[in-house]
Every structure is written in C-alpha cells, then in structure tokens.
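# Structural features, examined
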Amino acid sequence: MVYAIVRAGGRQEKVSVGDFVTLDRVAGGAGSTIELPALLLVDGDKVTSQADALSKVTVTAEIIENLRGPKIVIQKYKNKTGYKKRQGHRSELTKVKVTSIA
C-alpha cells in the first residue's frame, strides 16, 4: 500500500490514491488540479523521508468543490457587569480527491 503524508493548509494529512480530503480554501475552481508537498512517503516496507528524495515525489489532487464549514458560535459573558459579546464564523474549505502519488 502506498500512502504519503502531505502538508495542506498548515496541517499534515495522510493520503493515498482515491482519498477525499477536506482542506482550507485552495485557489482554483472545481475540476482544476493542485500539487501537495510530500513530507513522507511509504511504499510497502520502503519509507522515504529525505528532503532530496521527496523533492522528486509529486502528489496531485483534483478539486471537487469549494464549501463552507459548520457555523462556529463564540459567546463571551461577564457576570454582574452587563458585558455580553457574540461572534461567529464559518471556515472556507475545499474538498479534493487525490489522483496520483508519483
């Protein structure tokens, strides 16, 4: 089994061919392809972690859709002072499908 650890959106993800991964928003529309930098490559019993060998490895993924995450509600409250603050946000996300690890 071949899989790779890639850096995507400030996090590291374990991916193999055919996996769907949700990342922070990536530039590009549905159908376009992106390359993800590999940090580690495992091919059966062979593990590659040297930077010069990993520079030749390309992990390509196809953008499936751009979407938004769930609503996060932030509420702050201080007792007896009348201080209330309400804030929220939804993260901008991209769903990708890993097409090849070469």
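For the structure, see preceding data.
Note that the coordinates shown come from a computational prediction; the quantities given were computed from them, not determined experimentally. (Residues numbered from 1 in each chain as written. Predicted model: local features only at pLDDT ≥ 70, side-chain atom pairs only at ≥ 80, totals over all residues. Heavy atoms only, no water.)

## Regarding the nonpolar core
Across soluble globular proteins, you tend to see nonpolar side chains buried next to one another. Of all hydrophobic cores here, the largest spans 18 residues; its most connected members are Leu36, Val59 and Val96. Broken down by secondary-structure element, the contributors of at least two residues to this core are strand S1 (2–8), strand S3 (20–24), strand S4 (33–36), strand S5 (38–43), strand S7 (59–68) and strand S10 (92–101). With residues near it in sequence (within four places) discarded, Val96 still touches Asp19, Phe20, Val21, Leu23, Ile34, Ala61, Glu62, Ile63 and Ile64. (Core = buried A, V, L, I, M, F, W, Y, C linked by side-chain atoms within 4.5 Å. Buried < 20%, exposed > 50% of the residue type's maximum accessible area, 1.4 Å probe, protein only. Helix = DSSP H or I, 4+ residues; strand = E, 2+ residues; numbered from the N terminus. Contact = heavy atoms within 4.5 Å.)

## Observations regarding the pairing of strand S9 (residues 83–89)
Where strand S8 (residues 72–78) lies against S9, 7 bridges are found, and the strand directions are antiparallel. Opposite Lys76, over in S9, you have Lys85 as the bridge partner. (Pairing = 2+ DSSP bridges.)

## Focus: the sheet that holds S5
In spatial order, the strands read S2-S1-S5-S6; together these 4 strands make up an open sheet with antiparallel pairing. Across the chains shown, the open sheet's two edge strands, defined by having one partner strand only, are strand S2 (11–15) and strand S6 (46–48). With direction set aside, neighbouring strand axes in the sheet form an average angle of 10 degrees. Bridge count between S5 and S6: 3 bridges; the pairing is antiparallel. Looking across to S6, one finds that Asp43 is bridged to Lys46. (Axes fitted to C-alpha atoms, helices over the stretch in contact; angles between N-to-C directions.)

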